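Observations on chain architecture
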Amino acid sequence: MAVIHRTTLSPTKLELLTAWLPARPWYVGSARPDLDRSGGFRLDDPQGEVGIELMVVTDTSGADPVAYFVPLTYRGAPLAGAEDALVGTTEHGVLGKRWVYDGAHDPVLAAQLFALLDGRAEPQAQSETDTPDPTVTHSSTGGPFGTVVAEAADTPEGTDLSVTGATLHLNRVLHPGDPLPEGATGHVSGQWRTPEDAVVRGAFAVLRTA
C-alpha cells in the first residue's frame, strides 16, 4: 500500500514535466507547455518500493487545451538501464531524493497495468492513502497475463507495451468520449477535469490481443 505524504517536492512534478514533455514524440504542443494537474490514479507496487502514479496533465499554452496521460514512477535509487526514461530527480520532503521515470518504460508500472487488466490490481485514489478509485474502469477479454515483462516503444501516436500475444496502447493524448477502436479486447478508462472544470472521461489505454 502506497502512503501519500503531505509534503513538498523540489522541483515539483509539473516543473519536471514542463521540461520533459516537449521532447516526446507524441507531444503536440508548443515548446513551453503550461501544465495543470487534471486527474489520474495510482497503483500499488506489490513490493512496496516503487511509487506508481498515472497522471493526467492539461497543457493550456496553445489555442486549445490538450490533455496528456503521463504514467510516472518514483524510486529511491536509479533504475539500471533506464536512463532514457528518466524525467528528472526531485527532493521529497519526507523520503529525500527521488528519481522520477516515465512509467511506461518502468517494468514495475507496466506489470501492474497488466495486473489491473487481469483484476489482480485495484486502482487507487491519486491523493488518498489506501482508498480505491471507482471512477477508473477496466476490462479485458484477453489474458490472464500473469507476471509479464513488457517491451515499451514510443510512437507519434502514444506508447505501446507489448507482451506475448498482446499490445497495450497508452493514449498519451487524451480525447474525451472517443469510442474504443475496432478490434480492442480491453481497456483502462478514467476521468479528468477540463480547464472549465467539467469532468470528462476517455480511454487511457487500449488492449489488443493476437
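This is a predicted model, so every value here is computed, not measured.

1. Looking at helix α1 (residues 13-20)
Along α1, the residues that are buried comprise K13, L16, L17, T18 and W20. Structurally, α1 contributes buried residues whose contacts are with β1 (9-10), β2 (35-43), β3 (51-59), β4 (66-75), β5 (86-92) and β6 (96-102).

2. Brief notes about the environment of L113
One can find L113 in helix α2 (residues 107-118). Between the C-alpha atom of L113 and that of L168, which follows or precedes it by 55 residues, the distance is 8.9 Å. Excluding residues within four positions of it along the chain, L113 makes contact with L43, L54, L161, L168 and L170.

3. Quick notes on the side chain of T159
Here T159 is to be found in strand β9 (residues 158-163). A polar contact is formed between the side chain of T159 and the side chain of R172, at a distance of 2.9 Å. Contacts of T159, omitting those with residues within four sequence positions, involve W26, A104, H105, A153, D154, L168, H169, L170 and R172.

4. A few points about α2
Across its twelve residues, α2 extends 17 Å between first and last C-alpha, which sits within 8% of the 16 Å expected from 1.5 Å per residue. The buried fraction of α2 is high, at ten of twelve residues. Within α2, the full set of buried residues consists of V108, L109, A110, A111, Q112, L113, F114, A115, L116 and L117. Looking at where α2 begins, the residue whose side-chain oxygen comes 3.0 Å from the main-chain nitrogen of V108 is D106. G119, located one to two residues past α2, shows a positive phi value of around 85°.

5. Brief notes about the packing of aromatic side chains
In the structure shown here, the tally under the stated rule is seven aromatic pairs. Consider the rings of W20 and W26, whose centres lie 6.1 Å apart with planes at 65°: the pair is edge-to-face. In terms of burial, W20 and W26 fall into one category: buried. On the numbers, 6.1 Å between centres and 15° between planes, the contact of F41 with F204 is stacked. Taken as a pair, F41 in strand β2 and F204 in strand β13 (residues 199-209) lie far apart in primary sequence, 163 residues in all. The same class applies to F41 and to F204, which are both buried. Grouped by ring-pair contacts, the aromatic residues W20, W26, Y27 and Y68 constitute a single cluster.

6. Here's the deal with the pattern of salt bridges
One pass over the full model with this rule turns up seven salt bridges. Note that E53 is salt-bridged to R37, the shortest N-O span being 3.2 Å. Of this pair, E53 sits in strand β3 while R37 sits in strand β2; the two residues are 16 residues apart in sequence, bridging distant segments of the chain. Using a relative accessible area of 0% as the deciding quantity, one classes E53 as buried. A relative accessible area of 41% means that R37 is categorised as partly exposed. In this structure, R75 and D106 form a salt bridge, with 2.8 Å as the shortest nitrogen-oxygen distance. One end of the pair, R75, is in strand β4; the other, D106, is in the loop between β6 and α2, with 31 residues separating them in the sequence. The exposure classification of R75 matches that of D106, with both residues buried.

Parameters at a glance
- Residues numbered from 1 in each chain as written.
- Predicted model: local features only at pLDDT ≥ 70, side-chain atom pairs only at ≥ 80, totals over all residues.
- Heavy atoms only, no water.
- Buried < 20%, exposed > 50% of the residue type's maximum accessible area, 1.4 Å probe, protein only.
- Helix = DSSP H or I, 4+ residues; strand = E, 2+ residues; numbered from the N terminus.
- Contact = heavy atoms within 4.5 Å.
- Polar contact = N/O pair within 3.5 Å; in protein donor to acceptor, adjacent residues only side chain to side chain.
- Expected span 1.5 Å × (residues − 1).
- Phe/Tyr/Trp six-rings, centres within 6.5 Å; stacked < 30°, edge-to-face > 60°.
- Salt bridge = Lys/Arg side-chain N within 4 Å of Asp/Glu carboxyl O.

These figures come from the coordinates and say nothing about function on their own.
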